[in-house]
Amino acid sequence: MTTKTLNPLFDLTSHQRQPSIKNGLYLKDVLSVEQFTKDDLDYIFLRANEMSKMAARWGTCDLLKGYTLACVFYEPSTRTSSSFIAAMERLGGKVIPITEGIQYSSVSKGESLIDSMLTLEQYRDVIVLRHPEIGSVAKAAKYAHVPIINAGDGAGEHPTQALLDLFTIQKELGKIDKLKVAMVGDLRYGRTVHSLTKLLSQYDVSLRFVSPDTLRLPLDLMNMLIDKGINVRETSKVQDVIENADVLYVTRIQKERFTDLAQYDEVKTFFEITPELMEKAKQKMIVMHPLPRVGEIHYSVDKDPRAAYFRQVQNGMFIRMALLAAVLGQA
C-alpha cells in the first residue's frame, strides 16, 4: 500500500469537494491493521483531521453523495454501528442499517454469511460487517465484489477501533513514539487490544499489560512484540503501571466470551480505575476505553480532564469518514 503526497480533500473556503483528487490512499477492503504501514496511518490521520474540520464548519458535505453503505452487525453494537452510519450520512451518502434483529433476517432461515453478503452487495457500494467468528469478515471479502470493512470478528480484530485509538493518542498527546502505554483488563479476548497492540508495534513505545492470569495477552502477540524488540512487561496490578503510564487503555471483562460463567465471576471486578488511583498518575496522560464499560472506570473519573474516552468516541466518526472515502476511491 502506497501513500502519496497529500492533496487537500476539502477546500476549506467552500462546502464542496474539490473536483479532482489525483493522489491519495485507496483501500480495497479494511480487514486487519496489518495491512497498514506507518505512512498509511499518517495519511489516514491527516484525512481524519480534515473530516473533523469539515464537520465543525459545515456538518455535512457531498463527498459520498450517490453511494450507499450496508451496515451489517451479527453482534450488538452502539458506537461502531452508530459512528459508521453517522460517518456515511455526514459525507452525503445513504445507509441500509441491519444492526438490530439480525435473527429476523434470512439468517434465521439458514442463509450463509456469504450469500447474505452477495445479496446485500446488489443494493450498496460498501459493506461494514461485524461477526462473532474470527476470520469471518476476511472470508466474506474473498467472495464480495464491493469493499468490506471489518467492524469486529469475534475475539480476532477490530481494525477501525484500533485506528481511532491510535489517532486519539496522537491527537491528545501530540506523538506516539516514546510513549508508555498500559493496557488493562481482558487482554486474551479483547480484539481492540489485539489490533491496537499490532499498530503500536510499528512505533518506538513501551507496553505494559495488566490482567488476571487467565486473561493474559495471547502468546503469539507477546512473541511478536519480543521479536520486534518492543519493551514489554506483564503484571496483575494497575498500581504497578499507573505512575509512569502516558496512556492507560482500559477494557471491560467480556462476559460473552466466557464458556464458564464461574470463571467470569472470579475476574469481573478485578479492576476499577478510581479518582484515588488517578491521583498517582501523571498530570499529562490519558485514560482510554473502547466502551462499553461495566464498572472498570468509576463515573467520578469522567470529570478528570485526562479521561479521553468520550473524545475517543467522536474521533471514531472522523476516522471512519476517512476510511469510507478511501474504500470508495474518494480519499
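Residues numbered from 1 in each chain as written. Predicted model: local features only at pLDDT ≥ 70, side-chain atom pairs only at ≥ 80, totals over all residues. Heavy atoms only, no water.

**Description of the sheet that holds strand β1 (residues 68-73)**
Where we set the bar: What makes two strands pair is DSSP finding at least two bridges between them. Numbering of helices and strands runs from the N terminus; a helix is a DSSP stretch of H or I covering at least four residues, while a strand is a stretch of E covering at least two. What counts as an axis is a line fitted to C-alpha atoms, over the stretch in contact for a helix, and the angles between N-to-C directions run from 0 to 180 degrees. Residues are treated as being in contact if the distance between any of their heavy atoms lies within 4.5 Å.
What the 4 strands build is an open sheet, ordered β2-β1-β3-β4; its pairing is parallel. Here the strands that pair on one side only, and so sit at the sheet edges, are β2 (94-98) and β4 (148-153). Across this sheet, the average inter-strand angle for adjacent strands is 10°, counted without regard to direction. Both β1 and strand β3 (residues 126-131) contribute to a ladder of 5 bridges, which runs parallel. Bridge assignment links alanine 70 to a residue of β3, and that residue is isoleucine 127. Helix α4 (residues 136-143) contacts β3 and β4 of the sheet and is inclined by roughly 160° relative to β4.

**Focus: the nonpolar core**
The condition that has to hold: The term nonpolar core refers to a set of buried residues drawn from Ala, Val, Leu, Ile, Met, Phe, Trp, Tyr and Cys, joined through side-chain atoms within 4.5 Å. The rule is simple: take the accessible area with a 1.4 Å probe, protein chains only, and divide by the maximum for that residue type; under 20% is buried, over 50% is exposed, in between is partly exposed.
By size, the foremost hydrophobic cluster in this structure holds 73 residues, and its most contacted members are Leu166, Met183, Leu200, Leu207, Phe209, Ile319 and Leu324. Excluding anything up to four places from it in sequence, leucine 200 contacts Leu166, Ile176, Val181, Met183, Val205 and Leu207. Of all hydrophobic cores here, the second largest spans 20 residues; its members include Val184, Met285, Val287 and Ile297.

**Details of the packing of helix α5 (residues 159-173) against helix α6 (residues 191-200)**
Convention followed: Throughout this description, any angle smaller than 35 degrees is read as roughly parallel, any larger than 145 degrees as roughly antiparallel, any in the 65 to 115 degree range as roughly perpendicular, and the remainder as oblique. Take the far helix as your reference; a near helix turned counterclockwise from it by less than a right angle gives a left-handed crossing, and one turned clockwise gives a right-handed crossing.
In contact at an axis separation of 8 Å, α5 and α6 are set at 55° when each is read in the N-to-C sense. By the angle between their axes, α5 is oblique relative to α6. Along this stretch, α5 crosses α6, giving a crossing that reads as right-handed. Residues Pro159, Gln161, Ala162, Leu163, Asp165 and Leu166 of α5 pack against Thr192, Ser195, Leu196, Leu199 and Leu200 of α6.

**So, the side chain of aspartate 165**
Definition in use: We score Asp and Glu as negative and Lys and Arg as positive, and we do not count His or the chain ends. We count a salt bridge whenever a side-chain nitrogen from Lys or Arg sits within 4 Å of a carboxyl oxygen from Asp or Glu. Here a polar contact means two N or O atoms within 3.5 Å. Within protein one must be a hydrogen donor candidate and the other an acceptor candidate, and residues neighboring in sequence count only if both atoms are side-chain atoms.
Tracing the backbone through its elements, the reader meets aspartate 165 in helix α5. Of the side chains with opposite charge, arginine 320 comes closest to the buried, unpaired aspartate 165, at an N-O distance of 7.8 Å. Polar side-chain contacts of aspartate 165 include one of 2.8 Å to the side chain of glutamine 312. Setting aside its immediate chain neighbours within four residues, aspartate 165 contacts Leu196, Tyr249, Met288 and Gln312.

**Regarding the packing of aromatic side chains**
Rule in force here: Pairing of aromatic rings covers Phe, Tyr and Trp, the last through its six-membered ring, and needs centres within 6.5 Å; plane angles under 30 degrees mean stacked, over 60 mean edge-to-face, and all others mean tilted.
Evaluation of the coordinates by the stated rule reveals 2 aromatic pairs. Look at phenylalanine 45 and phenylalanine 167: their rings are 5.4 Å apart centre to centre, the planes differ by 40°, and that puts the pair in the tilted class. With phenylalanine 45 in helix α1 (residues 38-57) and phenylalanine 167 in helix α5, this residue pair connects regions lying 122 residues apart in the sequence. Across this residue pair, the class does not change: phenylalanine 45 and phenylalanine 167 are buried. Judged by centre distance (5.4 Å) and plane angle (65°), the ring pair of tyrosine 309 and phenylalanine 310 falls under edge-to-face.

**Points about the pattern of salt bridges**
Within the structure shown, the criterion is met by 11 salt bridges. Measuring nitrogen to oxygen at the nearest pair gives 3.1 Å for the salt bridge that ties arginine 191 to glutamate 75. Of the two residues, arginine 191 sits in helix α6 while glutamate 75 sits in the loop between β1 and α2 (79-90), which places them 116 residues apart along the sequence. For the pair shown, arginine 191 and glutamate 75 are each scored as buried. Between glutamate 172 and arginine 311 there is a salt bridge; the shortest N-O distance is 2.6 Å. With glutamate 172 in helix α5 and arginine 311 in helix α10 (residues 309-327), this residue pair connects regions lying 139 residues apart in the sequence.

**Considerations on the packing of α5 against α10**
Helix-helix packing is characterised by the crossing angle of the two axes and by the distance between the axes. How we decide: Residues are grouped as follows: nonpolar covers Ala, Val, Leu, Ile, Met, Phe, Trp, Tyr, Cys and Pro; charged covers Asp, Glu, Lys and Arg; every other residue, Gly included, is treated as polar.
Two elements in contact, α5 and α10, have axes separated by 8 Å at closest approach and are oriented at 120°. Here α5 and α10 pass one another in a crossing that is right-handed. For the pair α5 and α10, contact is made by Thr160, Gln161, Leu163, Leu164, Asp165, Phe167, Thr168, Lys171 and Glu172 and by Arg311, Gln312, Asn315, Gly316, Ile319, Arg320 and Leu323, respectively. Partitioned by chemical class, the residues of the contact of α5 with α10 number 5 nonpolar, 6 polar and 5 charged.

**As for the sheet that holds strand β9 (residues 286-288)**
Read across the sheet, 5 strands follow the order β7-β6-β5-β8-β9 without closing on themselves; strand pairing throughout is parallel. The open sheet terminates on both sides in strands that have one partner only, identified here as β7 (231-235) and β9. In this sheet, neighbouring strand axes are inclined to one another by 15° on average, regardless of whether the strands run parallel or antiparallel. Where strand β5 (residues 180-184) lies against strand β8 (residues 247-250), 4 bridges are found, and the strand directions are parallel. By the bridge assignment, valine 184 is partnered in β8 with valine 250. α6 contacts β5, β6 (206-210) and β8 of the sheet and is inclined by roughly 165° relative to β5.

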